[in-house]
Amino acid sequence: MKQKASIFDDDDVDVSSFQLLGVSGSKVKNLSKSMKESISFDAIEEDAINWDGSSTCSGSSTASDLKSARYRPGQLLAPSGVSTSRNSSSSSLPDSKTSSTIVKQDHGKSASDHLPKSIADAVKVQTKTATNTEVAKLEAEAQFLRRQLNQSKRDRYEKLHVRDTVKRILLGEPYSLECYRSKEDKLALLDTAVAMHDGNAIMAAVLFLKSTVKTQIFNQEIMSRAVAVNHYLEYLRSTREYSQLADMLGLLGRTEEAAMLKYKQVIRGSTDPQTKIRNLKQCLTAHFRTDPDLVQEMTQVHDQVSLLETQLPIEEYDCQLEKEGKTTIFKDFPRTRSIVGTSALSTLYYCCFYHYGLPENNLASPMAIKKQFRVKI
């Protein structure tokens, strides 16, 4: 592509051609200099671009401006007296790297223009218009929820038949028991729940009756309904309300269950021997001695209390001997565990090993242990 030389550089002016026309070289140079000074520096800067491809002017350039744009390499100047058309032509055309940079920047700007400028714009772009089917489905669901809400508000103050209320409990629908205030209505609700053989309905009626009537009336009414009382006992057992469970078992005449429940509580309770002895004595007096059918169990609990009372002084005496270090058997065979809480047979074996020669009137005597706890060997 043929490039035209710029008329604004002194080195590019062909003086010989003007001399043929009768114009001196000095006049040609003065004319070129005056024309350069008449053009403002701002006009030249509008067509200039930097090495990175960006324009030095603040405004945007037109297509014609970009064609006439030329690079201005800072303060780098050509040597004086040297004029080459090749430098002029190369300075007027951008190189391939700069062109590719400009193209990439243009592409980047065009792609960024399509991106959302804020969160609100992103939401607007991603908003999906609901179809008529979706709108109709949402409206139907809203109407159903309104009906349910209104029905619940009406049922709160409307007294339904007990059978309808129990059906709602069975189906898992909202229900209210506050409208049943009389004793007859509460018992009718309980009887209807028992007749339908649903545990959830039975427990709902039982707990409602318990919370709204006196304890004496509640115990009297529930004891006459075996199914309801069995559900109530299981409820107390699952919630670990053992005190109320023992009382209810005692009222029902199930003393053996009440005694064993209390005994298990004592055994699983405190690990302190003195506390355990005290609780076992209370359990023995309150539950085992009052029932003639529990004579055998009473004897076993009594023997357990006696064994603990025998083990405690033996343990204290042996600990003292072991600390003093004067007894040979405790030096040769140190003890590995406490004797308190072991069985009668283990206690007898321990006394035979460490206290074999003691007389029968001593608590640690093997003969005394064998005789007291009726151990047959």
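Before reading on, note that the structure itself is shown above.
Residues numbered from 1 in each chain as written. Predicted model: local features only at pLDDT ≥ 70, side-chain atom pairs only at ≥ 80, totals over all residues. Heavy atoms only, no water.

Engineer: A description of helix α11 (residues 199-212) should follow, citing residues and the corresponding values.
Structural biologist: Given a rise of 1.5 Å per residue, 14 residues ought to cover 20 Å, and the 20 Å separating the end C-alpha atoms of α11 matches this to within 8%. Inspection of α11 places Ala201, Ile202, Met203, Ala204, Ala205, Val206, Phe208 and Leu209 among the buried residues, and these make up the whole buried set. Contact partners of the buried residues in α11: α9 (162-171), α10 (183-195), α12 (215-223) and α13 (226-238). Where α11 begins, the capping side chain belongs to aspartate 198, and its oxygen is found 3.3 Å from the backbone nitrogen of asparagine 200. (Helix = DSSP H or I, 4+ residues; strand = E, 2+ residues; numbered from the N terminus. Expected span 1.5 Å × (residues − 1). Buried < 20%, exposed > 50% of the residue type's maximum accessible area, 1.4 Å probe, protein only. Contact = heavy atoms within 4.5 Å. Polar contact = N/O pair within 3.5 Å; in protein donor to acceptor, adjacent residues only side chain to side chain.)

Engineer: Lay out α9 with the relevant residues and their values.
Structural biologist: Along α9, the residues classified as buried are Val162, Thr165, Val166, Arg168 and Ile169. Seen from one end, α9 has its buried residues packed into an arc of 155°, which puts them on one side. Phi turns positive, to about 75°, at glycine 172, one or two residues after α9. (Arc of directions from axis to C-beta.)

Engineer: Can you tell me about the packing of α13 against helix α14 (residues 242-251), naming the residues and giving the values?
Structural biologist: Remark: α13 packs on α14, axes separated minimally by 8 Å, with the N-to-C direction vectors making an angle of 150°. Relative to α14, the element α13 lies roughly antiparallel. Judged by the sense of rotation from one axis to the other, the crossing of α13 with α14 is left-handed. Note on element contacts: α14 touches α13 through Gln244, Leu245, Met248 and Leu249, opposite Val229, Tyr232, Leu233, Leu236 and Arg237. For the contact of α13 with α14, the class distribution of residues is seven nonpolar, one polar and one charged. (Axes fitted to C-alpha atoms, helices over the stretch in contact; angles between N-to-C directions. Parallel < 35°, antiparallel > 145°, perpendicular 65-115°, else oblique. Left-handed = near helix turned anticlockwise from the far one by under 90°. Nonpolar A, V, L, I, M, F, W, Y, C, P; charged D, E, K, R; others polar.)

Engineer: So what's going on with unusual backbone geometry? Residues and values would help.
Structural biologist: For histidine 197, which is not glycine, the phi dihedral falls at a positive 60°. The topology assignment puts histidine 197 in the loop between α10 and α11. Exposure remark for histidine 197: the relative accessible area of 69% places this residue in the exposed category.

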